[in-house]
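Now for the letters of each chain:
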Amino acid sequence: MTFKCCLCQKIFSLRKQLLSHERVKHRNNKTIPHRHLLSQPSVEQLISYQDAFIILIKKHLGFNRHSVGSKRLSINVFPEKIFVYLFQNEPLFRYNSALRKYHCKFKGEAGELRLKQILNYEHWNCRQDPKTNTTGYVLFANYEGIYEVTFSWAQTELVENDRIFQCGTVTCKFTTDSGEFVDENGIMSNQEYQSEGRTLTHNKNSLITFNTNNNQSNPSRYKPILPRSPLQQLALNQL
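- The name an unreviewed UniProt entry gives the chain is C2H2-type domain-containing protein, with Rhizophagus clarus as the organism.

## Some details on the nonpolar core
- Residues Phe78, Phe83, Phe87, Tyr102 and Phe151 are the most contacted members of the largest nonpolar core, which totals 33 residues.
- Those elements that provide at least two residues to this core are α2 (43-59), β3 (69-75), α3 (80-87), β4 (93-96), β5 (101-107), α4 (108-118), β10 (148-160) and β11 (163-179).
- If we skip the residues at most four places from it in the chain, phenylalanine 83 touches Phe78, Gln88, Phe93, Tyr102, Phe151, Ser152, Trp153 and Val170.

## Comments concerning the environment of threonine 134
- In this structure, threonine 134 sits in the loop between β6 (126-128) and β7 (135-138).
- For the pair threonine 134 and serine 178, spaced 44 residues apart in sequence, the C-alpha to C-alpha distance is 6.8 Å.
- What threonine 134 contacts, discounting residues up to four positions off in sequence, is Phe63, Arg127, Gln128, Asp129, Ser178, Gly179 and Glu180.

## Some thoughts on unusual backbone geometry
- Its identity as a non-glycine residue notwithstanding, arginine 100 has a phi of 55°, on the positive side.
- Here arginine 100 lies in the loop between β4 and β5.
- Positive phi outside glycine occurs at asparagine 133, with the angle close to 65°.
- Inspection of the secondary structure puts asparagine 133 in the loop between β6 and β7.
- Residue asparagine 133 is classed as partly exposed on the basis of its relative accessible area, which comes to 38%.

## Some thoughts on the UniProt feature "domain: C2H2-type" (unreviewed entry) in the chain
- The UniProt record marks residues 3-31 with the feature "domain: C2H2-type" (unreviewed entry), using the residue numbering of this structure.
- Annotated as residues 3-31, this span is 38% helix and 14% strand, and its ends, taken at the C-alpha atoms, are 19 Å apart.

## Digging into the packing of aromatic side chains
- Tallied over the entire structure, the rule returns twelve aromatic pairs.
- Chaining the aromatic ring pairs together yields one cluster made of Tyr49, Phe53, Phe78, Phe83, Phe87, Phe93, Tyr95, Tyr102, Phe106, Phe151 and Trp153.

## A word on the pairing of β11
- Bridging between β3 and β11 involves seven bridges; their strand directions are antiparallel. From the neighbouring strand, arginine 72 faces β11, where its bridge partner is lysine 173.
- With four bridges connecting them, β7 and β11 associate as antiparallel partners. Counted as the bridge partner of threonine 135 is glycine 179 from β11.
- As defined by bridge partners, β10 adjoins β11 across eleven bridges and the pair is classed as antiparallel. Directly across from phenylalanine 151, in β11, lies its bridge partner cysteine 172.
- Joining the antiparallel neighbours β10 and β11 is a turn of two residues, in which asparagine 161 adopts a positive phi near 50°.

About the criteria used
- Residues numbered from 1 in each chain as written.
- Predicted model: local features only at pLDDT ≥ 70, side-chain atom pairs only at ≥ 80, totals over all residues.
- Heavy atoms only, no water.
- Core = buried A, V, L, I, M, F, W, Y, C linked by side-chain atoms within 4.5 Å.
- Buried < 20%, exposed > 50% of the residue type's maximum accessible area, 1.4 Å probe, protein only.
- Helix = DSSP H or I, 4+ residues; strand = E, 2+ residues; numbered from the N terminus.
- Contact = heavy atoms within 4.5 Å.
- UniProt positions renumbered as here; feature names shortened; annotations may be inferred.
- Phe/Tyr/Trp six-rings, centres within 6.5 Å; stacked < 30°, edge-to-face > 60°.
- Pairing = 2+ DSSP bridges.

See below:
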């Protein structure tokens, strides 16, 4: 039995040789050899799975130290054509033909803004507690660095009684945090966030900000309601 690379047609005698070949020679591959077989998803299908991502991500957002950190969610019946349609044109989209797996990453502020477009919802990555005004959110940047959201798709296959059963599963990995920031007057506009060299996350009512400018022109003007976010506190406790 032989194994052929679908990307360059090279033949291998062992499957592990094919896997190693793709990992080395086609590490950043974006080509999907069977793309023509994937039909265009309907608008109803797209909306359904966009909504599923938003609902499941928000379920992982909380308001205390127990709800922050690395998160993972899965959708066990997810069509391949939906994943390809949503992510195939992104810079960090990758496809492994030997494993029939897709990966796509979104990093920092640019990644956050792009996901707002892909998921078609401005506030996909935050949830606010109406009692305390504390906001749980997907973390893309803070004083420690840049964070990423990763989407991956893999196909599970079962062969039984001369039949082949296939099911696609999508997985999303991300980091969450929570906090609340206000200025001395209790409110801050989008323009004020941006003029202070900050990355605005969510909308102006969420009052969440990441400082991206080490040379703060007027640091005393803004104050966090919490001394530090729960994720920052957990990091300090581990030192």
